[in-house]
Amino acid sequence: MSAGPAEGTELQTAARWQRGAFVAGAVGLAACAVGALAGWQEQFFRSYLVAFNAWAGVALGCLAVLMLQYVTGGTWGYLLRRPLEAATRTLPVLALLFLPLALGLPDLYAWADPHKEKWQGNHHLEEQLHHLEPFLNAPFFLARTAGYFAVWIGLAFLFNRWSRKHDESGEASLPERFQNLGAMGLVLYAVTVTFASIDWVMSLEPQWYSTIYGAMFAMGQVLSGFAFCVAVLLLLGTHPQLAGALSKNNLRDLGSLLLAFVMVWAYLAFSQFLLIWAGNLPEEIPWYLARLQGGWSFVGLALILLHFVLPFVLLLAADLKRNRKALAGVALFVVFMRVVDLFWLIVPAFTQADGKTREGLGVHLLDVTALIGVGGAWLGTFLWQLRARPLLPAHAPPSEEGNHHG
């Protein structure tokens, strides 16, 4: 670790959490491997897909928010920059964590099944898969995924390299380079995440499509990343490096932005539902029917009440947004609900593929161990990267110098 950051009580606690995360990740991944070898191979890949998308969504959302703050500026971006950068430096680890999914394509996707067992006799699906075969095939799928990670890791590398250079030299031309790369990077992020959401999740049900799905998926990642980094920043808020920076006004700004991201996600999710339900097309409605029947209807209701209504009401309160611990609690709860949302998006697709109607939810043991395994590996890497550099950049934007160094 570099000698830059002072090891206060909070960072010592982060070091303990880092060790604990790596241990939990190793135990969780080992439990997943045992489960797969014990006969739960198909369930392992399904559980792992949910876990991977949950934690990859946090890292990719942080990359998007990092680029957004370089384009727009503002004190909130200055405060969040170190957690955002640390999260983007975990992307190479996520690329490695994708490898189990590359091995399990036939267990996950009907179009990747070499024996076509999952769709034999379903002539409509057979016709759809034949039509989509030039796009939905294993070699092209893996090549696209490699391309996505190359773009994401390349952007993260440039931003982190330039950020370190700016800390060391304060070169006047770097802020403009940050802004230009951020604008271009947001376009690249939108394109790559849209196609990644189609590949990784929407193609689980290749007979269904939605033109809003990519935007909704990307907004979910932005919300995950922003809420996670807000929680981290506020939990470290008593550290000497942050004590003078987290004013009541800054807390209010972070809470207001979290509220805005919650509202945009809810708007996109409701827009998709409204358009599909109003269209009443037989090839589109079954996607929602599978998620609004049996136990899944309660999950859908929970997403409305707990993922939107509750954060919306809480974050409207000015007093809560100025309370560091309360705001951190709301942010952590939003991260948890993002995992629930991904579970609701992904798992019913397998029920449809199996031709079964699931009356109850029946969370599998591997669902938990996969979240712990992937999450422990990711969180340990994140904390390791976060501790490697000072918690605030060396040079605040000119308009903010007085706020932090006056």
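Chemist: Would you mind going over the packing of aromatic side chains with me for this structure?
Modeler: Given two aromatic rings, their pairing is described by the distance between the two centres and the angle made by the two planes. Enumeration according to the criterion identifies 35 aromatic pairs in this entry. Where F44 meets Y48, the ring centres are 5.5 Å apart and the plane angle is 50°; that geometry is what we call tilted. Here the residue F44 and the residue Y48 both occupy positions in helix α2 (residues 41-72), the gap between them amounting to four residues, near one helical turn. Both residues of the pair, F44 and Y48, count as buried. An aromatic cluster is present here, built from W208, Y213, F217, F273, W277, W287, Y288 and W344 joined pairwise through their rings. A cation sits over an aromatic face here: R144 above F140, 4.4 Å from the ring centre. Against the face of W162 rests R177, its NZ or CZ located 4.5 Å from the ring centre.

Chemist: Would you take a moment to explain the pattern of salt bridges for this structure?
Modeler: Two side chains that carry opposite charge are able to pair once their charged atoms sit near each other. As enumerated under the stated definition, the model contains 11 salt bridges in all. One salt bridge in this structure joins E171 and K165, with 3.5 Å as the shortest N-O distance. Judged by relative accessible area, which is 27%, E171 ranks as partly exposed. K165 sits in the partly exposed class, given a relative accessible area of 36%. For R389, the salt bridge goes to D167, with nearest N and O atoms at 3.2 Å. Taken together, the residues span a long stretch of sequence, with R389 in the loop between α17 (365-387) and α18 (401-405) and D167 in helix α8 (residues 138-169) at a distance of 222 residues. Among the charged side chains, a salt-bridge network with shared partners connects R82, E85, D167 and R389.

Chemist: What is the right way to look at the environment of A377 in this model?
Modeler: Residue placement: A377 occurs in helix α17. For A377, the residues in contact, after removing those within four places along its chain, are A21, F22, G25 and L97.

Chemist: Could you clarify how one ought to interpret helix α9 (residues 174-200) in this entry?
Modeler: Buried residues of α9: L174, F178, L181, G182, G185, Y189, T192, V193, A196, S197, D199 and W200, and no others. The secondary structure elements touched by the buried residues of α9 are α2, α8 and α10 (213-235).

Definitions and limits used
- Residues numbered from 1 in each chain as written.
- Predicted model: local features only at pLDDT ≥ 70, side-chain atom pairs only at ≥ 80, totals over all residues.
- Heavy atoms only, no water.
- Phe/Tyr/Trp six-rings, centres within 6.5 Å; stacked < 30°, edge-to-face > 60°.
- Helix = DSSP H or I, 4+ residues; strand = E, 2+ residues; numbered from the N terminus.
- Buried < 20%, exposed > 50% of the residue type's maximum accessible area, 1.4 Å probe, protein only.
- Lys NZ or Arg CZ within 6 Å of the ring centre and 35° of its normal.
- Salt bridge = Lys/Arg side-chain N within 4 Å of Asp/Glu carboxyl O.
- Contact = heavy atoms within 4.5 Å.

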